[in-house]
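# Descriptive analysis of the structure
Here's the letter readout for the chains.
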2 protein chains.
Amino acid sequence: MALPREYTNQACSMVRALEIVGERWTLLIVRDAVFGVRRFSDFVEHLGIPRAVLTERLEFLIGEGVLERVPGPGKRSEYELTAKGRGLWPVVRALSAWGDEHYAPSGRRRVFVHADCEGEVAESGTCLRCGDEVPLAETVMTPGPGLTPPLPENGQVSALLARPHRLLQPVH
Amino acid sequence: MALPREYTNQACSMVRALEIVGERWTLLIVRDAVFGVRRFSDFVEHLGIPRAVLTERLEFLIGEGVLERVPGPGKRSEYELTAKGRGLWPVVRALSAWGDEHYAPSGRRRVFVHADCEGEVAESGTCLRCGDEVPLAETVMTPGPGLTPPLPENGQVSALLARPHRLLQPVH
DNA sequence: ACGGTTGGTTCGCTGAACGAACTCTTCTGT
DNA sequence: ACAGAAGAGTTCGTTCAGCGAACCAACCGT
């Protein structure tokens with residue numbers, strides 16, 4: 001390919017979007033960030049991504065303004081979604097919904113709930129009870145009937161992420 | 001990687017979804033199919049995808065039940081979205097919307113309209129005028145202010161796709 | 001009969017992903 | 001204060017998917 005992530009010069013916004021988040025691992029990193037993962041080693045553990053690839057992707061996403069590096073406890077850096085990155089939530093939700101519908105034989109794996117009113121968040125992003133558009137920070141992830149409990153060998157990040165929790169809330 | 005499109009064994013539906021449509025080119029093929037592209041040569045022309053890769057992707061998507069091969073005029077085969085494939089429309093819409101928002105300096109490139117009532121289709125997939133969920137086949141793509149008119153050297157498929165038309169309607 | 005179009009296949013090349021090992025810094029426990 | 005562990009990457013050799021140009025076979029209009 002001419003340049004790594006370049007597609008053709010199409011006048012299409014989806015092409016632009018895919019040039020940012022269309023590479024292997026990238027959307028999974030964004031999803032994990034939405035779910036509260038913030039540390040390098042937690043991404044490595046949870047995703048099984050090669051460390052060099054993770055380094056490159058984080059750098060790239062920071063450069064594109066999807067993530068930003070923030071100082072964590074100690075001098076450790078953590079990675080946090082920007083507003084632009086949080087704007088990818090509908091993409092993550094739509095993909096998860098499609099996967100749930102076609103590849104979850106024993107029912108949905110995750111159900112998202114509006115924290116304020118406890119209504120379920122529909123695929124469109126609105127609350128089925130109150131009808132409002134549910135912002136990311138007011139969305140609670142709850143395990144659905146199809147979610148197999150995480151095995152110990154999948155590491156503790158998996159276990160933490162499988163517990164009901166508010167999105168964007170750091171797992172640690 | 002262990003297997004080509006395998007990620008780790010995560011109990012996550014988005015991972016499953018990405019194993020199907022997460023590879024380079026795959027979502028662009030789906031988008032083109034939504035926009036009415038049906039022929040091998042049209043995909044090649046419009047996407048600039050290597051023919052061998054297109055062959056492999058089409059085969060894979062058929063195997064996964066996202067596309068199906070239908071006989072076209074002559075003995076030519078064409079590729080058509082299945083119901084499962086049409087279910088990816090929210091993903092395409094969400095990605096396009098994000099791209100439009102962040103990478104379209106002179107305004108949105110494409111605006112989707114509800115054919116029946118002429119209301120605009122929001123990012124959530126509902127019609128802003130009548131409030132209904134707009135099915136794919138009743139959605140009309142119209143060029144937005146940010147759409148640069150396709151150049152002749154981009155081929156005639158680009159030109160056809162830039163004209164207002166109903167989604168899923170074959171371009172030829 | 002035959003030149004063009006369509007729908008692929010073949011093939012050598014290159015670059016990205018892989019994973020295991022290594023480095024450097026910062027905590028933590030004693 | 002010091003040893004060891006953990007965190008956050010870097011380095012490196014291998015492998016494999018994507019690339020593009022060329023090739024091929026069937027069909028189509030004339």
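Report follows, based on the coordinates.

## Quick look at the overall build of chain A
- Helices and strands together make up the secondary structure of chain A, namely 7 helices and 5 strands.
- Each helix and strand of chain A, placed in order from N terminus to C terminus, yields the pattern α-α-α-α-β-β-α-α-β-β-α-β.
- The C-alpha atoms of chain A give 17 Å as radius of gyration, which agrees with the globular expectation for 172 residues (16 Å, within 12%).
- Oriented by its inertia axes, the alpha-carbon framework of chain A measures out at about 45 × 45 × 30 Å.
- In chain A, once contacts between residues fewer than 6 apart in sequence are set aside, the share between residues at least 24 apart is 51%.

## Thoughts on the pairing of strand β3 (residues 110-114) of chain A
Residues and elements named next belong to chain A.
- Among the 5 residues of β3, 4 are classified as buried, and the element is accordingly described as predominantly covered.
- Relative to strand β4 (residues 139-143), β3 runs antiparallel, the two being bridged by 5 bridges. Across the sheet, residue V113 finds its bridge partner in β4, namely V140.

## Some details on the sheet that holds strand β5 (residues 165-166) of chain B
- One open sheet accounts for 3 strands, arranged β3-β4-β5 (chain B); its pairing is antiparallel. Edge positions in the sheet fall to β3 (110-114) and β5 of chain B, since each has one partner strand and no second.

## So, helix α3 (residues 40-47) of chain B
Residues and elements named next belong to chain B.
- For α3, the complete set of buried residues consists of D42, F43, H46 and L47. The buried residues of α3 occupy an angular sector of 105 degrees when projected down its axis, which confines them to one face.
- Looking at the buried positions of α3, the neighbouring elements they touch are α2 (26-34), α4 (51-63) and α7 (156-162).
- Immediately beyond the C-terminal end of α3, within one or two residues, lies G48, with a positive phi of roughly 70 degrees.

## As for the environment of F43(B)
All names here are of chain B.
- Looking at the element boundaries, F43 is found in helix α3.
- Residue F43 is classed as buried on the basis of its C-beta count, with 23 C-beta atoms lying within 10 Å.
- Sequence-wise, F43 and A33 are 10 residues apart; in three dimensions their C-alpha atoms are separated by 8.8 Å.

## Side note on the pairing of strand β4 (residues 139-143) of chain B
- Here β4(B) pairs with β5(B) via 2 bridges, running antiparallel. In the strand pairing of β5(B), V140(B) is matched with R166(B).

## Some thoughts on the relation of the copies chain B and chain A
- For these two chains of identical sequence, chain B goes onto chain A by a turn of 180 degrees and a shift of 0.0 Å along the axis, with RMSD 0.0 Å. Seen this way, the second copy is the image of the first under a two-fold rotation axis. Proximity to the rotation axis, assessed at the C-alpha, singles out S124(B) in chain B; its C-alpha lies 2.3 Å from the axis.
- A shared binding surface is used by both copies, with 100% of the interface residues of chain B retained as interface residues in chain A.

## A few points about the environment of L81(B)
Residue and element names in this part refer to chain B.
- Along the chain, L81 turns up in strand β2 (residues 77-81).
- For L81, a count of 21 C-beta atoms within 10 Å translates into the label buried.
- Look past the residues within four positions of L81 in its chain and what remains in contact with it is A33, V34, L67 and R86.

Rules of the game
- Residues numbered from 1 in each chain as written.
- Chains lettered and ligands numbered in written order.
- Predicted model: local features only at pLDDT ≥ 70, side-chain atom pairs only at ≥ 80, totals over all residues.
- Helix = DSSP H or I, 4+ residues; strand = E, 2+ residues; numbered from the N terminus.
- Rg over C-alpha atoms; globule rule 2.2 N^0.38 Å.
- Contact = placed C-beta atoms within 7 Å.
- Buried ≥ 20, exposed ≤ 12 C-beta atoms within 10 Å, placed from the backbone.
- Pairing = 2+ DSSP bridges.
- Arc of directions from axis to C-beta.
- Least-squares fit on C-alpha atoms with pLDDT ≥ 70 in both.

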